[in-house]
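Remarks on the overall topology
Read off the chains here:
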Amino acid sequence: MDNPRTIVQQFDLVTTRSQMTLGVMASGHLVCLYLGPRLASRVSFKNLLTDLNHASYLADTDGVRNFRLEQLPLAYPTFGNPDLREPALVVADETGSRITDLRFDHLETYPHKPAITGLPSARWDEQTRTWAFVLKDEQLHLQVTLVISADEDHDVFSQHVIYTNQGSHGLTIERAFSFNWDFLSDQYQMLNLTGAWSRENHLQWTPLKQGFQGVDSKRGASGHGQNPFIALAAPGTTWDHGQVIGVNLVYSGNFIAQANVDMHQNTRLQIGINPFNFSWQLNAHRTFKTPEATIVIAEHGLNELSARYQRFYQDNLMRSAIAKTPRPVVINNWEATYFNFNKQSLLTLAKKAKQVGAEMFVLDDGWFGQRNNDTSSLGDWVPNTKKLGGSLTALIKEINQLGLRFGLWVEPEMVSPNSDLYRRHPNWIVADEKHQPQLTRSQYVLDMSRSDVQDYLIYTLDTLLTENNIEYLKWDMNRNITDAYTQTVPPRRQGEFEHRYMLGLYRVLKALVTKHPRLLIEGCAGGGGRFDAGMLAYCSAIWTSDDTDAIARLPIQEGTGLLYPAAAMSAHVSAVPNEQIGRKTPLTTRGIVAEQGCLGYELDLTKLTAAELAAIQAQIASYKKLRWILQFGQLIRLPVADPGNQWAWLKKTADQIIVDRVTVLVQPNTVEKRQRLTGLPANALYFEQQTQRTYAADFLMQVGLPVDRPTGDFFSQRWILSRV
Ligand code: GLA
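To keep things clear, this report deals only with the structure shown in the data block.

Conventions adopted
Residues numbered from 1 in each chain as written. Predicted model: local features only at pLDDT ≥ 70, side-chain atom pairs only at ≥ 80, totals over all residues. Heavy atoms only, no water. Helix = DSSP H or I, 4+ residues; strand = E, 2+ residues; numbered from the N terminus. Core = buried A, V, L, I, M, F, W, Y, C linked by side-chain atoms within 4.5 Å. Buried < 20%, exposed > 50% of the residue type's maximum accessible area, 1.4 Å probe, protein only. Contact = heavy atoms within 4.5 Å. Expected span 1.5 Å × (residues − 1). Bend = angle between axes of the 7 residues up to and from the residue. Pairing = 2+ DSSP bridges. Right-handed = clockwise from strand over helix to strand, strands pointing away. Axes fitted to C-alpha atoms, helices over the stretch in contact; angles between N-to-C directions.

What follows covers unusual backbone geometry. In this structure, Pro 577 follows Val 576 across a cis peptide bond, with omega equal to -10 degrees. If you trace the backbone, Pro 577 turns up in the loop between strand S28 (569–574) and helix H10 (587–594). Non-glycine residue Asp 483 carries a positive phi angle of around 55 degrees. Relative to the helices and strands, Asp 483 resides in the loop between strand S25 (472–475) and helix H7 (497–515).

See below:
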């Protein structure tokens, strides 16, 4: 008999520059053979696994001595067989057995990419090909299909998994990961995006060690503390050097993203729905589909990874009707008025906003029910005509007449105990039948897994949008889920609740954007508490953080912009001293940092001097001229001498570059010299506006632009270069 580890079938999935190679061993197991830059020629991996020396004290497989599954790089490991590491799938049958043994059955290929019913996923284009690896456990009558798509042009792979119960008994899925990859090495650094409310998505590097590492959320949302993302990079990887493999989940709920280093220096990388508090009843002849994971391989550091993610999400994940629509300059009244406004104060603010050049007036919290603070009325999406001095329709008309478009804040998934909605439907909230449900910010969470709740929200929001000229919704979500329990499924199926919540949320969002295809939605969850690819599939932008301080935003936007397009990072210029942390930052720097994302204003313009208003007016006028490149240009991070204190980035299109640089604290008697650029086309020439000098691209990349002497803390500088 053949050595069971011999590769008998090899599948090379390639994009222009990346490659994922899977294989089937003689034993029938699907294995990971290669994930990295595309290899120049087709090579055979036939003996990759027979060449491995074997480790001791591991179980044998299929009665073959020294055939040790636990040492081998499995594409979709399960429980109860000789691989005693972390499984990607755990499923129990009607006897309670969780023993699962998947073997390759057949392969299907498609010249496109199937949608994942009920879940957001990236679209395909002509360059996409899909491989569906069908695995089976004959005893369980379970079919597991790994659906892997390769987008050749964008250099992105995506994967989701479909479970089909082909038997006549129910199965219970207890773990359902979207992606698993086993590496025969542990020589990586792990990268995650972590933080908290007000300091979301900071880059966090950790060298791998034996055992578990990673991030997860059990909060009912992806969360402020961690993004559904994990990357493994070569030690020493920077923005411009080093090989890195990033995996991101297109999902907004509980997730896990982890790397496990086993006893023999192998790394298992996994991402998917968090198995914590998750299970799914898979009845006979039913299927379950996991969320999609996107996988990007970069050879030259984080900038390359970032470019691929940004372009792919812009082109293939964000709604095509709005993805490339220039985003309007927003004025949001939250930090200007909080709950304390009336028609007059809103119109006064709107007039000033128009005067400085803003384009979209976004009316934040407090316009509905009896809401004058955060203790009431969520759920009652009925305009407070007293506060608005008449109908919402009339207010919008007046705002429109001033020459501004109109946007509205809502927090649809929530209900205040003090609301008509709660009094009418006390059983619509997330709670069990015994415990007093917990309040956060005086609000309960609506059970989005209920179809009556979904229908109510679709109807209510659609009515608001249909009856009023609302072109923009800020969709907030200001607490996480406690008391996770639903009345919609029987007791033994409670593990389905948190995933069903997400399916319900996505259903509502999809219904609204289908009916209102041009609607801009700004996602928000107390800032960046749900800034993920799942929400990005519906939103035109997401509020990056409740921290509007320009300096605090630098690391937040660095991490967020690693994966998500600049036009999707909503960023506002706010007042000084900053409301969250009291810092005083010059207006230019506040502008430059906000323009790294999607620029808006969130301050009381009526309190500013004529000179300050004129400065904002000039800022917006200049932004409008550069809007296309600032919103849709490729965002590239630049090297600096003093990282953490100096920050530099550029935005690039085919014919323009904008370079921005911020020095946080000025250092006495240091001589700042030049800012080097990266990522320019080799033989290009650029003309720099301010100095009227022409530079060769290689000069800009090797020598750089001259830097001004900072005149104080929080100093910023911008260069605008055009290709000649
Ligand atoms: C959250 C948001 C803020 C604002 C308030 C309104 O905190 O992040 O921007 O909309 O809610 O209550």
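Another aspect to go through is the nonpolar core. With 185 residues, the main nonpolar core has Tyr 163 and Trp 367 as its most contacted residues. Sort the elements by how many residues they give to this core and H7 lands first, with nine residues. Beyond its immediate stretch of four places on either side in the chain, Trp 367 contacts Phe 341, Trp 381, Val 382, Pro 383, Asn 384, Leu 388, Leu 408, Trp 409, Val 410 and Leu 464. Within the second largest apolar cluster, 18 residues are counted, among which are Ile 657, Val 659, Ala 684 and Tyr 695.

The next subject is helix H11 (residues 610–632). Note that an α-helix has 3.6 residues per turn; residues three or four places apart therefore point the same way. In this model H11 runs 32 Å from its N-terminal to its C-terminal C-alpha over 23 residues, within 8% of the 33 Å that 1.5 Å per residue would give. In the structure, H11 departs most strongly from a straight axis at Leu 626, where the bend amounts to approximately 70 degrees. Taken together, the buried positions of H11 are occupied by Leu 613, Ile 616, Gln 619, Ile 620, Tyr 623, Leu 626, Arg 627, Ile 629, Leu 630, Gln 631 and Phe 632.

Turning our eyes to something else, we now look at the pairing of strand S26 (residues 520–523). Of the two faces of S26, the one holding Leu 520 and Glu 522 and the one holding Ile 521 and Gly 523 are both buried throughout. Here S25 pairs with S26 via four bridges, running parallel. In the sheet register, Trp 475 faces S26, and the bridge partner there is Gly 523. Note that the unit made of S25, H7 and S26 has a crossover that is right-handed. Across two bridges, the pairing between S26 and strand S27 (residues 541–543) is parallel. Each bridged residue has a counterpart across the sheet, and for Glu 522 the counterpart in S27 is Ala 541.

Here we take up the sheet that holds strand S35 (residues 693–696). Taken in spatial order, the six strands of this open sheet run S30-S31-S32-S37-S34-S35, and their pairing is antiparallel. Edge positions in the open sheet fall to strand S30 (634–637) and S35, since each of these has one partner strand only. Averaged over all adjacent pairs, the angle separating strand axes in this sheet is 25 degrees, with direction ignored. Alignment of S30 against strand S31 (residues 646–652), held across four bridges, turns out to be antiparallel.

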